[in-house]
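# Close look at the chain arrangement
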Amino acid sequence: MDQLSIIQKRLEKELREMNRIIRDSLSTSNNLMNEVVTNYLSVKGKQIRPIMVILSAGLFGDVNNHVLHAGAALEMLHNASLIHDDVVDETSLRRGRTTVNAAWGNHIAVLVGDFFVSNALAAGIKTGIIEIISALSDLGKELSLGEIDQICNVREHHFDEESYFKMIRQKTASLFMNCVKMGAEAAGVTHEEYNPLVDYAELLGLCFQIKDDIFDYFEDTRIGKPTGNDLREGKVTLPLLYALATAPKEISDKVKAVIREGDLNDEQIPRIIEFAKKYGGIDYAYQRMREMQKEADLIISAYPDSEWKQSFRDLFDYIIARDK
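Quick look at the structure, then. (Residues numbered from 1 in each chain as written. Predicted model: local features only at pLDDT ≥ 70, side-chain atom pairs only at ≥ 80, totals over all residues. Heavy atoms only, no water.)

## Concerning the packing of aromatic side chains
One pass over the structure, following the stated rule, counts 8 aromatic pairs. Where Phe 60 meets Tyr 303, the ring centres are 5.6 Å apart and the plane angle is 85°; that geometry is what we call edge-to-face. Here Phe 60 is found in the loop between α4 (48-59) and α5 (65-89), whereas its partner Tyr 303 is found in the loop between α15 (281-300) and α16 (307-321), with 243 residues between them in sequence. The class for Tyr 303 is buried, based on a relative accessible area of 12%. (Phe/Tyr/Trp six-rings, centres within 6.5 Å; stacked < 30°, edge-to-face > 60°. Helix = DSSP H or I, 4+ residues; strand = E, 2+ residues; numbered from the N terminus. Buried < 20%, exposed > 50% of the residue type's maximum accessible area, 1.4 Å probe, protein only.)

In structure tokens, the structure reads:
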């Protein structure tokens, strides 16, 4: 059993109630919407984000009904972003199942995604805590800006780490940061008490995205996922950025020129991936994650020892070690 499964077991009661809130929130009198939503919810993701909401509240001592509604709001907003992303990326499979857009078309998928967003806001409002509603609003803006930054990086061919980290902070880390913020707010904790935990969540979120990016350099034989999907979309992630910065300039410039031309073919992509590996890109990405984990551990160490604190540490271990 991996660390995430252990955490899910610890939080079995809380997650069960949170998922009931999600199901009830998304239930309507429209048969088509119910069919699409029920099918979508039949396969759960890892639910890392609502888990962080619950862990945050538990760390400070109070997992109440507001916490579970906040977790439900985060999970619905996250799923809305996945549904919309699948439309944009023309994805046909997610979690081993046909995506909403592939099964029902883009029109239905966009409407279902919007429905999830609306119900996320409604769940947030039920807490009656303005900071939670504000966090949901800020998160929507951060996620949108992160996607726009990524598009700009692709179009303008930014090859610097600063642009990369700015983008993944908005695209991924912001969601993790808001998870612990909302959990703490729902538990009635002051900003001073939970601000360090927000910094911890930022480091965790950055590592989550870096590990996701590493997956693109290796074929997943379990689901037949090919390497180089990010490169096909023009995305240059941390392993390749490091290789471009450290390889001999003549070689690096040639690779940059190929990337700038765009529309990489099935011969070019494996070569670029091998280039990133040869010049230490994968090792560097793991090194950065380990450095961030050490920094995060110093932050979490300041809080009293508890099962909740250990779960945060276990979650960080899982993020770096996970294989999917």
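## Some thoughts on the pattern of salt bridges
This model, assessed by the stated rule, comprises 17 salt bridges. For Glu 17, the salt bridge goes to Arg 20, with nearest N and O atoms at 2.6 Å. Placement of both Glu 17 and Arg 20 in helix α2 (residues 12-26) is noted, with a separation of 3 residues, approximately one turn of the helix. The class for Glu 17 is partly exposed, based on a relative accessible area of 28%. Of the residues examined, Arg 20 reaches a relative accessible area of 32% and is grouped as partly exposed. (Salt bridge = Lys/Arg side-chain N within 4 Å of Asp/Glu carboxyl O.)

## A short note on the environment of Lys 256
For Lys 256, the position within the fold is in helix α13 (residues 249-261). It is 15 Å that separates the C-alpha atoms of Lys 256 and Gly 281, two residues lying 25 residues apart in sequence. Residues in contact with Lys 256, not counting those within four places in the same chain, are Phe 159 and Leu 244. (Contact = heavy atoms within 4.5 Å.)

## A look at the side chain of Asn 19
Relative to the helices and strands, Asn 19 resides in helix α2. Since its relative accessible area comes to 9%, Asn 19 is described here as buried. Apart from the residues lying within four places of it in its own chain, the contact partners of Asn 19 are Lys 44 and Gln 47.

## Topic: α15
Note that an α-helix has 3.6 residues per turn; residues three or four places apart therefore point the same way. With 20 residues, α15 should reach 28 Å at 1.5 Å per residue; the first-to-last C-alpha distance of 29 Å fits that figure. If you check which residues of α15 are buried, you get Gly 281, Ile 282, Tyr 284, Ala 285, Met 289, Met 292, Ala 296, Ile 299 and Ile 300. Projection of α15 onto a plane perpendicular to its axis shows the buried side chains occupying an angular sector of 165°, all on one side. Relative to its buried face, α15 has exposed residues pointing more than 90 degrees away, namely Asp 283, Lys 294 and Leu 298. On the buried face of α15, the contacting elements are α9 (161-186), α10 (191-215), α12 (238-246), α14 (268-278) and α16. (Expected span 1.5 Å × (residues − 1). Arc of directions from axis to C-beta.)

## Digging into the environment of Ala 321
Structurally, the position occupied by Ala 321 is in helix α16. Take Ala 321: its relative accessible area is 56%, and that puts it in the exposed class. Considered as a pair, Ala 321 and Gln 3 are 318 residues apart in the sequence and their alpha carbons are 9.5 Å apart.

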